[in-house]
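A closer look at the structure
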Amino acid sequence: QVQLVESGGGLVQAGGSLRLSCAASGIIPNIYHVGWYRQAPAKQRELVVVMTRAGLTSYADSVKGRFTISRDNAKNTVDLQMNSLKPEDTAVYYCRQSNYDYDIDYWGQGTQVTVSS
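In every chain, residue numbers begin from 1 and rise along the written sequence. In view of the model being predicted, local features appear only for residues whose pLDDT reaches at least 70, and side-chain atom pairs are presented and counted only at 80 or more, with totals across whole chains, interfaces and linings using the full set of residues. Note: side-chain values were computed over all heavy atoms of the structure, leaving out hydrogens and water.

**As for the state of the cysteines**
When two cysteine sulfur atoms lie within 2.5 Å, the pair is treated as a disulfide. Under the counting rule described, the total for this entry stands at 1 disulfide. Residue Cys22 pairs covalently with Cys95 via a disulfide, S to S 2.1 Å. Around the S-S axis, the bridge from Cys22 to Cys95 shows a dihedral of about -80 degrees and counts as left-handed. Here the residue Cys22 occupies a position in strand β3 (residues 18-24), and Cys95 occupies one in strand β9 (residues 91-98), the gap between them amounting to 73 residues. A run of H or I in DSSP becomes a helix once it reaches four residues, and a run of E becomes a strand once it reaches two; helices and strands are each numbered from the N terminus.

Following this line, the structure appears as structure tokens:
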């Protein structure tokens, strides 16, 4: 069973930066969508950004201009560069990798990001 493993979370002051990484423990065939989601306490999980295999991206309005996703298709790795972090970015961040139809769909275990004011 392939697993996604996230790393790079932690505690940072407002205005700071973090870089999250997501790596697959094995080969996942036909990965098309890769993305990051987050879930803050007492809130629903929400999309942060998704990228297609062709490089098309869709960012949540709240992170546009501050966060940048990148991927390495050969290695099945996905990174999220987060700049100008705000306390409201505090959440558990999850990596997701899926095929085109989402019937092959993997999630990571999550990594905590805490932004102090």
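**Details of the nonpolar core**
The nonpolar core is taken to be a set of buried Ala, Val, Leu, Ile, Met, Phe, Trp, Tyr and Cys residues, with the residues joined through side-chain atoms within 4.5 Å. Relative accessible area decides the class of each residue, using a 1.4 Å probe on protein chains only: under 20% of the type maximum gives buried, over 50% gives exposed, and in between gives partly exposed. Within the largest apolar cluster, 30 residues are counted, with the highest numbers of intra-cluster contacts made by Trp36, Val48, Phe67, Ile69, Leu80, Met82 and Tyr93. Breaking this core down by element, the ones donating at least two residues are β3, β4 (33-39), β5 (46-51), β7 (67-72), β8 (77-82), β9 and β11 (111-116). It is β3 that provides the largest number of residues to this core, a total of 4 residues. The residues contacting Val48, other than those within four sequence positions of it, are Trp36, Tyr37, Arg38, Ser58, Tyr59, Ala60, Val63, Phe67, Leu80 and Tyr93. In what follows, residue pairs with any heavy atoms lying within 4.5 Å of each other are defined as contacts.

**Notes on empty space enclosed by the protein**
One water molecule sets the probe size; rolling that probe over the atoms shows where empty space is left. Buriedness of a pocket was judged along seven lines, with at least five required to meet protein on both sides within 12 Å; pockets are open sets of points on a 1 Å grid over the protein atoms alone, cavities are sets where a 1.4 Å probe fits but cannot get out, and lining residues have an atom within 4 Å of a point. Grid points are joined across faces, edges and corners, and a volume is the space filled by probe spheres set on the points. For the structure shown, the criterion picks out 1 cavity of 30 Å³ or more. Size it by volume and the largest cavity reaches roughly 30 Å³. Around the largest cavity, the lining residues are Ile31, Val34, Arg71, Asp72, Asn73, Asn76, Thr77, Val78 and Gln97. Secondary structure elements with two or more residues in the lining of the largest cavity: β7 and β8. Tallied by class, the residues present in the lining of the largest cavity amount to 3 nonpolar, 4 polar and 2 charged. Each residue is assigned to one of three groups, with Ala, Val, Leu, Ile, Met, Phe, Trp, Tyr, Cys and Pro labelled nonpolar, Asp, Glu, Lys and Arg labelled charged, and all others, Gly among them, labelled polar.

**Regarding the pattern of salt bridges**
Salt bridges are identified by distance alone: a Lys or Arg side-chain nitrogen within 4 Å of an Asp or Glu carboxyl oxygen. Here the structure, examined in full by the defined rule, presents 6 salt bridges. We note a salt bridge from Asp61 to Lys64, for which the minimum N-O separation is 3.0 Å. Given a relative accessible area of 64%, Asp61 falls into the exposed group. Its salt-bridge partner being Asp89, residue Arg66 comes within 2.8 Å of it at the nearest N-O pair. Taken together, the residues Arg66 in the loop between β6 (57-59) and β7 and Asp89 in the loop between β8 and β9 connect sequence positions 23 residues apart. The network of salt bridges with common partners includes Arg38, Glu46, Arg66 and Asp89.

**Points about the side chain of Arg71**
Mapped onto the fold, Arg71 is located in strand β7. In this tally Asp and Glu are treated as negative and Lys and Arg as positive; neither His nor the chain ends contributes. Among buried charged residues, Arg71 stands out as having no salt bridge; its nearest opposite-charge side chain is Asp72, 8.1 Å away. Throughout this description, a polar contact denotes any pair of N or O atoms lying within 3.5 Å of each other; where both atoms belong to protein, one of them has to be capable of donating a hydrogen while the other can accept it, and for residues adjacent in sequence the pair is counted only when both atoms sit in side chains. At a separation of 3.0 Å, a polar atom in the side chain of Arg71 contacts the main-chain carbonyl oxygen of Tyr32. A polar side-chain atom of Arg71 sits 3.3 Å from the main-chain carbonyl oxygen of Met51. When near neighbours in sequence (up to four residues on either side) are disregarded, Arg71 contacts Ile31, Tyr32, Val34, Met51, Thr52, Arg53, Thr77 and Val78.

Functional significance is not addressed by these values, which are geometric in nature.
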